[in-house]
Amino acid sequence: MPLYEHVFISRQDLSNAQAEGLIEHFGAILSDNGGKLVDHEYWGVKTMAYKINKNRKGHYAFLRTDAPSEAVQEMERLMRLHDDVMRVLTIKVDEHAEGPSVQMQKRDERDDRRRERR
């Protein structure tokens, strides 16, 4: 099955538990449609570059999935209809990266990689 990575932003007035509950909810939708949630990360509340629906901040969540395209389309459709979800981004990838995403890595680990590239 194809591999996907999703990032979605939910409203800032949700609690952390509610925001993480959305991850489980959308993972269950994938499972019901023949896919599976490989990994997920809750990135926390972050300030956005511009307002979305009169919100300056939002809860960011990252999902790695292994699902058929129909399951992904259904999950995206339900995300866009959900009142608490403000934005959704889905990317098809060749393989999932090992370990935590760049957002979850410590800042000093990111600085080390910058020095290695030079």
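Parameters at a glance
Residues numbered from 1 in each chain as written. Predicted model: local features only at pLDDT ≥ 70, side-chain atom pairs only at ≥ 80, totals over all residues. Heavy atoms only, no water. UniProt positions renumbered as here; feature names shortened; annotations may be inferred. Salt bridge = Lys/Arg side-chain N within 4 Å of Asp/Glu carboxyl O. Helix = DSSP H or I, 4+ residues; strand = E, 2+ residues; numbered from the N terminus. Buried < 20%, exposed > 50% of the residue type's maximum accessible area, 1.4 Å probe, protein only. Core = buried A, V, L, I, M, F, W, Y, C linked by side-chain atoms within 4.5 Å. Contact = heavy atoms within 4.5 Å. Phe/Tyr/Trp six-rings, centres within 6.5 Å; stacked < 30°, edge-to-face > 60°.

Per an unreviewed UniProt entry, the protein carries the name Small ribosomal subunit protein bS6 and comes from Pseudooceanicola antarcticus. Of the protein, the UniProt comment under Sequence similarities (unreviewed entry) reads exactly: "Belongs to the bacterial ribosomal protein bS6 family."

Draft legend 1. Layout of the pattern of salt bridges. Scanning the model with the defined rule gives five salt bridges in all. One salt bridge in this structure joins Glu74 and Arg77, with 3.0 Å as the shortest N-O distance. Note that Glu74 and Arg77 are positioned in helix α2 (residues 69-81) at a spacing of three residues, about one turn of the helix. You can call Arg77 partly exposed: its relative accessible area is 42%. Beyond isolated ion pairs, a larger network of salt bridges with shared partners links Glu5, Asp39 and Arg64.

Draft legend 2. Quick look at the nonpolar core. Judged by nonpolar contacts, the single largest core of 19 residues is most densely connected at Phe8, Phe26, Met75, Met79 and Val85. Among the elements that take part in this core, helix α1 (residues 16-32) stands out by supplying six residues, more than any other. Residues within four places of Met75 in sequence aside, it is in contact with His6, Phe26, Ile29, Leu30 and Leu63. Val7, Ile9, Met48 and Phe62 belong to the second largest nonpolar core, which has eight residues in total.

Draft legend 3. The packing of aromatic side chains, seen in detail. A full pass over the atoms with the stated rule returns two aromatic pairs. Between the aromatic rings of Phe8 and Phe26, the centroid separation amounts to 5.7 Å while the plane-to-plane angle is 80°, which identifies the pairing as edge-to-face. Of this pair, Phe8 sits in strand β1 (residues 3-11) while Phe26 is found in helix α1, placing the two residues 18 residues apart along the sequence. Here the two residues Phe8 and Phe26 agree in accessibility, since each one is buried. Their ring planes at 15° and their centres at 5.4 Å tell us that Trp43 and Phe62 sit as a pair that is stacked. Residue Trp43 is found in strand β2 (residues 36-52), and its partner Phe62 is found in strand β3 (residues 55-66); the two are separated by 19 residues along the sequence. Note on Trp43: relative accessible area 17%, which makes it buried. The buried category is assigned to Phe62, whose relative accessible area is 6%.

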